[in-house]
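# Structure at a glance
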Amino acid sequence: VYQLQQEAPRPKRIICPREVENRPKYYGREFHGIISREQADEILAGVEGAYILRESQRQPGCYTLALRFGNQTLNYRLFYDGKHFVGEKRFESIHDLVTDGLITLYIETKASEYISKMTTNPIYEHIGYATLLREKVSRRLSRTKSESRKASVTSEENTPVEKITSLVRRAALTQNDNHFNYEKAHNFKVHTFRGPHWCEYCANFMWGLIAQGVRCSDCGLNVHKQCSKYVPNDCQPDLKRIKRVYCCDLTTLVKAHNTQRPMVVDSCIREIEARGLKSEGLYRVSGFTEHIEDVKMAFDRDGDKADISASIYPDINIIAGALKLYFRDLPIPVITYDTYSKFIEAAKISNPDERLEAIHEVLMLLPAAHYETLRYLMIHLKKVTLHEKENFMNAENLGIVFGPTLMRPPEDSTLATLNDMRYQKLIVQILIENEDVLF
């Protein structure tokens, strides 16, 4: 495939011999004004890779790229929004657009059968791929609080450690004891690779001038766009790519830190249980907003090493506020958008036993990291209710506080939120009162 890219026709701009009136300022001398398809075909005849731009006769104000490839003239509707495009990819110049188009057309013409089979026998599924290396992986991508564990893989000949790809690192990781191996989909985004790159799923060259494939912004996996549909949900986020703790996807955070739950949840709950369970109005009384923001920045900056002790923040309501803020800032709530309506429907069941059974069934639909976080929080809130005489916070009061914090409707509708508030409160109240049964 790489060789085919090198063989692809090069673009040849055919300049209009006359000055065209009303030429758009973002087009050059390759613009020939209003001409027909037949005229464009005559201009381009016999010159592989030649191209011109023209204005449509039928639709004035609409522009077309006419391109010669495979002994025929191809016409593409051309658009401009600051960049030039005919499909998904956007280019700084018409020359780059045509270059990329010729590469794609040539490869798809010469190797269409090969391309269609690329995903059928991927290297990705063979852990044996990791045995191509003898060197030790310098450090694990995910670390525990106690120590970072080393992973090693074997190699043939003298393959330098610099060539270890994210695929090999992950393959090595699967051979180690990753305690909290929650399933996580890759967070693929279209990416432009500088210099030759090969797909880490099928091992084939990633062709094109720009946007040749996609990269997972959480773990760095590089694959063809078509291959991304077949990659399993085994993303192992790299801590270097996780820039913050708050506002980060819950599963992404716990996998990056190789923890069972978000460390901010563990740290805050540990601090609250050590010195705040008897604090009057716990979770209902607000701490100073600036101090809560300070705690947030400390976690974003220092992770599990953030100091939230009484010597720094004597008011326990600041820590409680920081915990609530963490849950509010989650891009996907602890009780996910996918399960929200099911929880609300379960809350509406009048029979207590049937309602409990329905809630339990929906709990089983939560992603593993969300389920574990919710379970741990409910155990903690149950402890809070055991000190109700001192803190005046029972399960119902905590439901009022945590209902809207832990679950939000998928659509941003104020009316839906108001209508569901009593059910949100009821769900959290039931989860607290029955945490030993439900979890």
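Note that the coordinates shown come from a computational prediction; the quantities given were computed from them, not determined experimentally. (Residues numbered from 1 in each chain as written. Predicted model: local features only at pLDDT ≥ 70, side-chain atom pairs only at ≥ 80, totals over all residues. Heavy atoms only, no water.)

### Remarks on the overall build of the protein chain
A tally of helices and strands in the protein chain yields 16 helices and 11 strands. When the 439 residues of the protein chain are sorted by exposure, 49% land in the buried category. Counted over contacts in the protein chain with a minimum sequence separation of 6, partners at least 24 positions apart contribute 62%. When the accessible surface of the protein chain is split by element, carbon and sulfur atoms take 48% of a total near 22,300 Å². (Helix = DSSP H or I, 4+ residues; strand = E, 2+ residues; numbered from the N terminus. Buried < 20%, exposed > 50% of the residue type's maximum accessible area, 1.4 Å probe, protein only. Contact = heavy atoms within 4.5 Å. Areas by Shrake-Rupley, 256 points an atom, 1.4 Å probe, with all protein chains shown as cover.)

### Description of the confidence of the model for the protein chain
Scored by pLDDT, the protein chain has a mean of 87; 87% of the residues are at 70 or more. Ranking the elements of the protein chain by mean pLDDT puts strand β7 (residues 136–137) last with 30 and helix α9 (residues 316–329) first with 98. Note that pLDDT drops below 50 for residues 127–179; the model gives that stretch 104 contacts with residues more than four away or on any other chain. (pLDDT = per-residue confidence, 0-100.)

### Focus: the packing of helix α7 (residues 263–275) against α9
Two elements in contact, α7 and α9, have axes separated by 10 Å at closest approach and are oriented at 150 degrees. Classified by the interaxial angle, the pair formed by α7 and α9 is roughly antiparallel. Considering how the two elements wind past one another, α7 and α9 form a crossing that is left-handed. Taken together, the residues of α9 that come into contact with α7 (itself represented by Val 264, Val 265, Cys 268, Ile 269, Glu 271, Ile 272 and Arg 275) are Ile 316, Ile 319, Ala 320, Leu 323, Tyr 326 and Phe 327. In terms of residue class, the contact of α7 with α9 is made up of 11 nonpolar, no polar and 2 charged. (Axes fitted to C-alpha atoms, helices over the stretch in contact; angles between N-to-C directions. Parallel < 35°, antiparallel > 145°, perpendicular 65-115°, else oblique. Left-handed = near helix turned anticlockwise from the far one by under 90°. Nonpolar A, V, L, I, M, F, W, Y, C, P; charged D, E, K, R; others polar.)

### What about the side chain of His 32?
As for its position among the elements, His 32 is in strand β2 (residues 31–34). Sequence-distant contacts of His 32, that is, excluding residues within four places in its chain, are made with Ile 14, Ile 15, Cys 16, Arg 18, Val 20, Ile 43, Ile 52 and Leu 53.

### What about the pattern of salt bridges?
Within the structure shown, the criterion is met by 19 salt bridges. Note that Glu 19 and Arg 23 form a salt bridge whose closest N and O atoms lie 4.0 Å from each other. Through salt bridges with shared partners, a single network forms among Arg 261, Asp 266, Glu 372 and Arg 375. (Salt bridge = Lys/Arg side-chain N within 4 Å of Asp/Glu carboxyl O.)

### Brief notes about the pairing of strand β3 (residues 50–55)
In terms of burial, β3 is largely enclosed, as 6 of its 6 residues are buried. Taken together, the 2 bridges between strand β1 (residues 12–13) and β3 define a ladder with parallel strand orientation. Within β3, the position partnered with Arg 13 by the bridge is Tyr 51. In this fold, β2 hands off to helix α2 (residues 37–44), which returns the chain to β3; that crossover is right-handed. Across 5 bridges, β3 lies against strand β4 (residues 63–69) in antiparallel orientation. Within β4, the position partnered with Ile 52 by the bridge is Ala 66. (Pairing = 2+ DSSP bridges. Right-handed = clockwise from strand over helix to strand, strands pointing away.)

### Side note on the pairing of strand β5 (residues 72–80)
Pairing analysis gives 7 bridges linking β4 to β5, with the strands arranged antiparallel. In the sheet register, Leu 65 faces β5, and the bridge partner there is Tyr 76. Once β4 ends, the chain turns through 2 residues before running back antiparallel as β5, passing Gly 70 with a positive phi of about 60 degrees. In this sheet, strand β6 (residues 84–85) lies alongside β5 in antiparallel orientation, the contact comprising 2 bridges. Looking across to β6, one finds that Phe 79 is bridged to Phe 85. With antiparallel pairing between neighbouring strands as the criterion, β5 and β6 make up a hairpin whose turn holds 3 residues, including Gly 82 at a positive phi of roughly 110 degrees.

### Re the packing of aromatic side chains
Under the counting rule described, the total for this entry stands at 13 aromatic pairs. Here the aromatic rings of Tyr 2 and Trp 198 are separated by 6.1 Å at their centres, their planes lie at 40 degrees, and the arrangement is tilted. Taken as a pair, Tyr 2 in helix α1 (residues 2–7) and Trp 198 in the loop between β9 (188–191) and β10 (213–216) lie far apart in primary sequence, 196 residues in all. Of the residues examined, Tyr 2 reaches a relative accessible area of 35% and is grouped as partly exposed. Lying over the aromatic face of Tyr 376, Arg 261 brings its terminal NZ or CZ to 3.7 Å of the ring centre. Sitting above the plane of the Tyr 423 ring, Lys 348 keeps its charged end 5.4 Å from the centroid. (Phe/Tyr/Trp six-rings, centres within 6.5 Å; stacked < 30°, edge-to-face > 60°. Lys NZ or Arg CZ within 6 Å of the ring centre and 35° of its normal.)

### Considerations on the nonpolar core
Counting residues in each nonpolar core, the largest one holds 70 residues, and the members touching the most others are Tyr 283, Phe 299, Tyr 326, Phe 327 and Phe 402. Per-element tally for this core: the top contributor is α9, with 9 residues. Look past the residues within four positions of Phe 327 in its chain and what remains in contact with it is Val 265, Val 334, Thr 373, Leu 377, Phe 402, Thr 405, Leu 406 and Arg 408. The next biggest cluster of nonpolar side chains, apart from the first, holds 44 residues, and it includes Leu 4, Cys 16, Leu 97 and Tyr 201. (Core = buried A, V, L, I, M, F, W, Y, C linked by side-chain atoms within 4.5 Å.)

### Things to note about unusual backbone geometry
Note: most residues except glycine have negative phi, and most peptide bonds are trans. For Tyr 283, which is not glycine, the phi dihedral falls at a positive 75 degrees. Residue placement: Tyr 283 occurs in the loop between α7 and α8 (289–302). We classify Tyr 283 as buried; its relative accessible area is 0%. One non-glycine residue with positive phi stands out, namely Phe 392, at about 60 degrees. Here Phe 392 lies in the loop between α13 (388–391) and α14 (395–406).

### Considerations on the sheet that holds strand β11 (residues 222–223)
Strand order in the open sheet formed by 3 strands is β9-β10-β11, and the pairing between neighbours is antiparallel. Looking at the sheet topology across the chains shown, the edges are occupied by β9 and β11. Where β10 and β11 come together, 2 bridges link them in antiparallel fashion. When the sheet's bridge partners are listed, Val 214 is paired in β11 with Val 223.

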